[in-house]
Amino acid sequence: MICIYYSGNYTVNLFSARAVNYIVLVEFMVLLLMFQHCFGTERKGIYQMLSADIRDLTETASERLKAAVLLLEPFLNNNGMMQLTDGDETDAAKEYYSGLLADLRHLLVFCEVHIDKLWVLHRRTQSSDEHAARALYEVYHQCVNAFYYPKHECYSEDGRYAYTGQDAMRFRYKPDSNVRILVLELAKIFEELRDELAFYESDYMTKRRMQGQK
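J.: How would you sum up the packing of aromatic side chains? Please name residues and give values.
T.: In the structure shown here, the tally under the stated rule is seven aromatic pairs. Ring plane angle 80° and centroid distance 5.2 Å describe the contact between Y96 and Y97, whose orientation is recorded as edge-to-face. Judged by its relative accessible area of 3%, Y97 is buried. On the numbers, 5.4 Å between centres and 35° between planes, the contact of F147 with Y155 is tilted. The same class applies to F147 as to Y155, namely buried. Pairwise contacts between aromatic rings join F147, Y148, Y155 and F190 into one cluster. The ring of Y148 carries the charged tip of R194 above its face, separated from the ring centre by 4.1 Å.

J.: Let's hear about the packing of helix α5 (residues 129-148) against helix α7 (residues 177-196): which residues, and what values?
T.: One can describe the packing of α5 onto α7 by two numbers: an axis separation of 10 Å at closest approach and a directional angle of 150°. Seen along the crossing, α5 lies across α7 with a hand that is left-handed. Contact with α5, carried on its side by V139, Y140, C143, V144, F147 and Y148, involves V183, L186, A187, F190, E191, L193 and R194 of α7 and no other residues of that element. Its residues placed into classes, the contact of α5 with α7 shows 11 nonpolar, no polar and two charged.

J.: Could you give an account of the nonpolar core, with specific residues and numbers?
T.: Among the nonpolar cores identified, the biggest contains 52 residues, and L65, F147, L186, F190 and Y200 are the most heavily contacted of them. Going through the elements one at a time, α2 (52-78), α4 (91-123), α5 and α7 are the ones with two or more residues in this core. When near neighbours in sequence (up to four residues on either side) are disregarded, L65 contacts C111, H114, I115, L118, V139, C143, F190 and L193.

J.: I'd like a rundown of the pattern of salt bridges, residues and numbers included.
T.: Side chains that differ in sign of charge can pair as their charged atoms come close. On inspection of all chains with the given rule, the structure shows 11 salt bridges. The salt bridge partner of E59 is R55, with a shortest N-O separation of 3.9 Å. Taken together, the positions of E59 and R55, both in helix α2 and four residues apart, correspond to about one turn of that helix. D167 is the partner of R180 in a salt bridge, and the nearest nitrogen-oxygen pair spans 2.4 Å.

J.: Give a detailed account of α7, specifying residues and quantitative values.
T.: Under the 1.5 Å per step criterion, the end-to-end length of α7 is 29 Å for 20 residues, consistent within 8% with the ideal 28 Å. Summarising the contacts, the buried residues of α7 are in contact with α2, α3 (81-85), α4, α5, β3 (155-157) and β4 (169-171). The N-terminus of α7 is capped by D176, whose side-chain oxygen sits 2.8 Å from the backbone nitrogen of N178.

J.: Describe the packing of α4 against α5, and please don't skip the residues or the numbers.
T.: Close contact between α4 and α5 brings their axes to 9 Å; oriented N to C, the two are set at 165°. Taken together, α4 and α5 sit at an angle that is classed as roughly antiparallel. In this structure, the crossing between α4 and α5 has a hand that is left-handed. Within the contact between the two elements, α4 uses L107, F110, C111, H114, K117, L118 and L121 and α5 uses H131, A132, A135, E138, V139, Q142, C143, A146 and F147. In terms of residue class, the contact of α4 with α5 is built from 11 nonpolar, three polar and two charged.

J.: Please provide a residue-by-residue account of the side chain of R194, values included.
T.: With respect to the element layout, R194 can be found in helix α7. The buried category is assigned to R194, whose relative accessible area is 19%. For R194, the residues in contact, after removing those within four places along its chain, are Y140, V144, Y148 and E157.

J.: How would you explain the side chain of S62 if you had to name every residue and give the values?
T.: If you trace the backbone, S62 turns up in helix α2. S62 sits in the buried class, given a relative accessible area of 7%. Residues contacting S62, with those up to four places away along its chain left out, are I115 and L118.

Parameters at a glance
Residues numbered from 1 in each chain as written. Predicted model: local features only at pLDDT ≥ 70, side-chain atom pairs only at ≥ 80, totals over all residues. Heavy atoms only, no water. Phe/Tyr/Trp six-rings, centres within 6.5 Å; stacked < 30°, edge-to-face > 60°. Buried < 20%, exposed > 50% of the residue type's maximum accessible area, 1.4 Å probe, protein only. Lys NZ or Arg CZ within 6 Å of the ring centre and 35° of its normal. Axes fitted to C-alpha atoms, helices over the stretch in contact; angles between N-to-C directions. Helix = DSSP H or I, 4+ residues; strand = E, 2+ residues; numbered from the N terminus. Left-handed = near helix turned anticlockwise from the far one by under 90°. Contact = heavy atoms within 4.5 Å. Nonpolar A, V, L, I, M, F, W, Y, C, P; charged D, E, K, R; others polar. Core = buried A, V, L, I, M, F, W, Y, C linked by side-chain atoms within 4.5 Å. Salt bridge = Lys/Arg side-chain N within 4 Å of Asp/Glu carboxyl O. Expected span 1.5 Å × (residues − 1). Polar contact = N/O pair within 3.5 Å; in protein donor to acceptor, adjacent residues only side chain to side chain. Parallel < 35°, antiparallel > 145°, perpendicular 65-115°, else oblique.

Here it is, written out as structure tokens:
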């Protein structure tokens, strides 16, 4: 409200105190909205952090993959066809160990690649839960599946081992003792990793597809 009084040569403009306060408040809100529009979205993206639960899960997955690498690397460095066949020159032995070594090399590469990816995920300040979920999905489908479903099928999981007391893995060909020990030790690691990442076997992509349809 504006009141104007004329008194001689003087003109006096009196603003209601309430109106002045209202104008100041409106100006402040406009400036605030402009600031949020210019900087808010960018800052949110930069400083978005992983939640505690999913960070713990990515760290656990990384440690399990490192444990697998510590088993695979020395085995592959010290064992070739000559050491594994150990005088068994049959075609069956050569075919078996050739396929086994190829599958173990692929598994080692997958593990090393995803260790690096998880390390980068932890180092980047803009990593989000969505980035981590995608990384864990890839760990499951490229590392866990690479162990349980090797291309050459030199071993397979015995689904009855939990109640029969037998070994977790069955071998298509009677393996060298070092091979047997390695695969059974890896099975312990990947069984735990599989259980921890069970959500990322299929539910993760189902959830993504459902979100995309909204």
